[in-house]
Amino acid sequence: TPYQPEISQGTLQTIFEYQSLMTNLTGMEVSNASHYDGATATAEAVNLAFAQFRGKRKKIVISPTVHPQYREVIRTYSQGMGLNLVGDDPLSVISDQSSVESLEALIDESTALVVVQYPDFFGRIHDYTKLIEDAHAKGALVCIVANPTALLMLKTPAEMGADIVVGEAQPFG
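In this report, the structure presented in the accompanying data block is examined. (Residues numbered from 1 in each chain as written. Predicted model: local features only at pLDDT ≥ 70, side-chain atom pairs only at ≥ 80, totals over all residues. Heavy atoms only, no water.)

Now for the environment of Pro-171. Relative to the helices and strands, Pro-171 resides in the segment after β5 (164-167). With relative accessibility at 36%, the residue Pro-171 sits in the partly exposed group. Beyond its immediate sequence surroundings of up to four residues, Pro-171 is in contact with Asn-147, Pro-148 and Thr-149. (Helix = DSSP H or I, 4+ residues; strand = E, 2+ residues; numbered from the N terminus. Buried < 20%, exposed > 50% of the residue type's maximum accessible area, 1.4 Å probe, protein only. Contact = heavy atoms within 4.5 Å.)

Below is the structure:
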């Protein structure tokens, strides 16, 4: 039965090892292992930020270079919450308006969260340190959607100052 102590202990050990690996890769102090996929975890980061500001900040800046499925899940989760999702314009990816600087211009005192991907959907690697500093100066949180395999070689999201790091463990196969 699943209630045997050996199975429960093995599950706890596996979750502990996974969380330890994630904190090492991301540089963050803690890790959660309760979401099924990265898109859901990203949408929950939006919910977390909304709750953090007790609904007073309703603007979410989403980079158009975040995976389209992740952006769609965020839109689905946030229906009826009164959130203002900005930056999520797929046409801006075609032009040069998808740069990190263009995201900085969207952040203001009503922004609860900025969501970026590292590496982004197109495989580009950006150092988001300045973006994060600007967001923090305006009181906003920043969520980085990270590829855990890429984090083996890249600067960690914690080194850039990220508040929340989410991702998909599927690349580990």
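Glancing now at the side chain of Thr-26. Relative to the helices and strands, Thr-26 resides in helix α1 (residues 5-26). Residue class for Thr-26 comes out buried when judged on its relative accessible area of 9%. Within polar-contact distance, the side chain of Thr-26 engages the backbone oxygen of Met-22 at 2.8 Å. A distance of 3.2 Å separates the side chain of Thr-26 from the backbone nitrogen of Met-28, its partner in a polar contact. (Polar contact = N/O pair within 3.5 Å; in protein donor to acceptor, adjacent residues only side chain to side chain.)

Counting residues in each nonpolar core, the largest one holds 22 residues, and the members touching the most others are Ile-60, Leu-113, Val-115, Cys-143 and Val-166. Secondary structure elements with two or more residues in this core: α2 (38-52), β1 (59-62), α3 (68-77), β3 (111-118), β4 (141-146) and β5. Per element, the largest residue contribution to this core is seven residues, and it comes from α2. Sequence-distant contacts of Ile-60, that is, excluding residues within four places in its chain, are made with Val-46, Leu-83, Asn-84, Leu-85, Val-86, Ala-112, Leu-113 and Val-115. Listed in part, the 21 residues of the second largest apolar core include Leu-25, Val-86, Ile-144 and Ala-162. (Core = buried A, V, L, I, M, F, W, Y, C linked by side-chain atoms within 4.5 Å.)

So, about the pattern of salt bridges. Where charged atoms of side chains with opposite charge meet at close range, the side chains can pair. Within this structure, the stated rule accounts for eight salt bridges. In this structure, Lys-155 engages Asp-127 in a salt bridge whose closest nitrogen and oxygen atoms are separated by 3.1 Å. Of this pair, Lys-155 sits in the loop between β4 and α7 (157-160) while Asp-127 sits in the loop between β3 and α6 (129-137), and the two are 28 residues apart along the sequence. Of the residues examined, Lys-155 reaches a relative accessible area of 33% and is grouped as partly exposed. Note on Asp-127: relative accessible area 47%, which makes it partly exposed. Its salt-bridge partner being Lys-130, residue Asp-134 comes within 3.1 Å of it at the nearest N-O pair. Separated by four residues within a single helix, Asp-134 and Lys-130 lie in helix α6, roughly one turn from each other. Several salt bridges share partner residues, and in doing so they unite Arg-71, Glu-72, Arg-75 and Asp-88 into one network. (Salt bridge = Lys/Arg side-chain N within 4 Å of Asp/Glu carboxyl O.)

Every buried residue belonging to α6 is among Thr-129, Leu-131, Ile-132 and Ala-135, and all of these are buried. Buried residues of α6, seen end-on, are gathered within an arc of 160° and therefore sit on one face of the element. Immediately beyond the C-terminal end of α6, within one or two residues, lies Gly-139, with a positive phi of roughly 85°. (Arc of directions from axis to C-beta.)

Now for the pairing of β4. With six of its six residues buried, β4 lies for the most part within the structure. Side chains of β4 alternate between two faces, with Leu-141, Cys-143 and Val-145 and Val-142, Ile-144 and Ala-146 buried alike. Where β3 lies against β4, six bridges are found, and the strand directions are parallel. When the sheet's bridge partners are listed, Tyr-118 is paired in β4 with Ala-146. Tracing the backbone out of β3, into α6 and back to the parallel element β4 gives a crossover that is right-handed. (Pairing = 2+ DSSP bridges. Right-handed = clockwise from strand over helix to strand, strands pointing away.)

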